[in-house]
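Residue-level structure breakdown
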Amino acid sequence: MTTVTTSSAATADAGPATPTKPAKTPKGSGSPFRRGLRRFLHNKLAVFGLIVLGFFLVFCFIGPLVYPTDQVHTDLASTMLPPGTDGHPLGTDDVGYDVLGRLMIAGQISIVIGLAAGVLATVIGTLWGAVAGYVGGAVDAVMMRIVDAGIAIPATFLLLILSAIMKPSVPLMIVVIGLVSWLVPARLVRAESISLKSREYVLALRAMGGTHGRAVMKHIVPNTVGTIVVNATFQVADAILLVAYVSFLGMGLQKPATDWGAMLTGGMQYTYAGAWWLIFPAGLCIVLVVVAFNAIGDGLRDFFDVKGRDR
């Protein structure tokens, strides 16, 4: 009988296995949100704007809880104190209000009006533009001529007239600024709607018996969200500037309520007396917040740019 021997080479230790390198993830892979976030974070100016905005939100809305001041009752014994005076890091104004505390309260009003008016303008403009672009024809022509007529009238002029007729208040300024600021987003959304209404999913919805309202709310508006969100940031910045314009011209909120524009107006008459602390802090706040919103809008444009290359 012949004995068959099995080679031990098959069972011999062949040494340590070579580790398998993990496959590299392609640069453009990942969810659309992650790719958009990567583009946003690559925009250093947008990140800086987000940090600045976060600082001002904390400064204006949490700051008064940490640094409480009386912004209602005047203190004529403590007027025009320079920065660094005990208990007043940024000094006091002409009626004794602490400037640092007043910056916080004024920032609350400016930011609230800006955000609310920007959202209101964006909502009205989005619906108006979506309907005009989707329906088209004579309806589109009439609706857009109304927009053209509104754009031809300066928003500041309208605000000054309304402020002279009615007593300015925060809700009134939100409504008025929102009603004069919706024209630009309406034109942008209308242009998007014209291209979207001929897409297959919109035509399929209409073929299945879907209403025009459902087509607008289900497909047209959601597919313009990138344009809407980006423009909303610019609307907020414009609204903050409009509040500052009107208040600077003396037609804004009346004391003790205030905003950054009103602080500029109150401090202008003391400029030549060397009271720089009455205008410089408020002016710097306006510039930084407006630049922050514009920078964030630029970053959001990169975020929603699906055709953009990943960086």
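Residues numbered from 1 in each chain as written. Predicted model: local features only at pLDDT ≥ 70, side-chain atom pairs only at ≥ 80, totals over all residues. Heavy atoms only, no water.

1. Points about the overall build of the protein
Helix and strand content of the protein: 13 helices and zero strands. If you list the helices and strands of the protein from N to C, you get α-α-α-α-α-α-α-α-α-α-α-α-α. Here the protein holds 311 residues, and the buried ones make up 40% of them. When the accessible surface of the protein is split by element, carbon and sulfur atoms take 69% of a total near 17300 Å². (Helix = DSSP H or I, 4+ residues; strand = E, 2+ residues; numbered from the N terminus. Buried < 20%, exposed > 50% of the residue type's maximum accessible area, 1.4 Å probe, protein only. Areas by Shrake-Rupley, 256 points an atom, 1.4 Å probe, with all protein chains shown as cover.)

2. Let's talk about the nonpolar core
Core analysis: the largest hydrophobic core is formed by 36 residues, its most contacted members being Phe-56, Phe-59, Leu-103, Trp-260, Met-263 and Phe-293. Of all the secondary structure elements, the ones that give two or more residues to this core are helix H2 (44-61), helix H4 (99-135), helix H11 (225-248), helix H12 (260-268) and helix H13 (280-304). At ten residues, the largest contribution of residues to this core is made by H13. If sequence neighbours within four positions are ignored, Trp-260 has contacts with Phe-56, Cys-60, Leu-103, Ala-106, Gly-107, Ser-110, Ile-111, Ala-282, Cys-285, Ile-286 and Val-289. Ile-113, Ile-174, Ala-239 and Leu-253 belong to the second largest nonpolar core, which has 13 residues in total. (Core = buried A, V, L, I, M, F, W, Y, C linked by side-chain atoms within 4.5 Å. Contact = heavy atoms within 4.5 Å.)

3. Things to note about the packing of aromatic side chains
The tally for this structure, following the rule as stated, stands at seven aromatic pairs. Relative to Phe-280, the ring of Trp-276 lies with its centre 6.4 Å away and its plane at 70°, an arrangement referred to as edge-to-face. Put simply, the rings of Phe-55, Phe-56, Phe-59 and Trp-260 touch in pairs and so form one group of aromatic residues. (Phe/Tyr/Trp six-rings, centres within 6.5 Å; stacked < 30°, edge-to-face > 60°.)

4. Re the UniProt feature "transmembrane region" (unreviewed entry) in the protein
Residues given the UniProt feature "transmembrane region" (unreviewed entry) here are residues 45-67, 109-134, 146-166, 172-189, 228-253 and 273-297. Helix makes up 94% of residues 172-189 and strand 0%, whereas the separation of the span's terminal C-alpha atoms amounts to 26 Å. Annotation note: span residues 228-253, helix share 81%, strand share 0%, distance between end C-alpha atoms 30 Å. (UniProt positions renumbered as here; feature names shortened; annotations may be inferred.)

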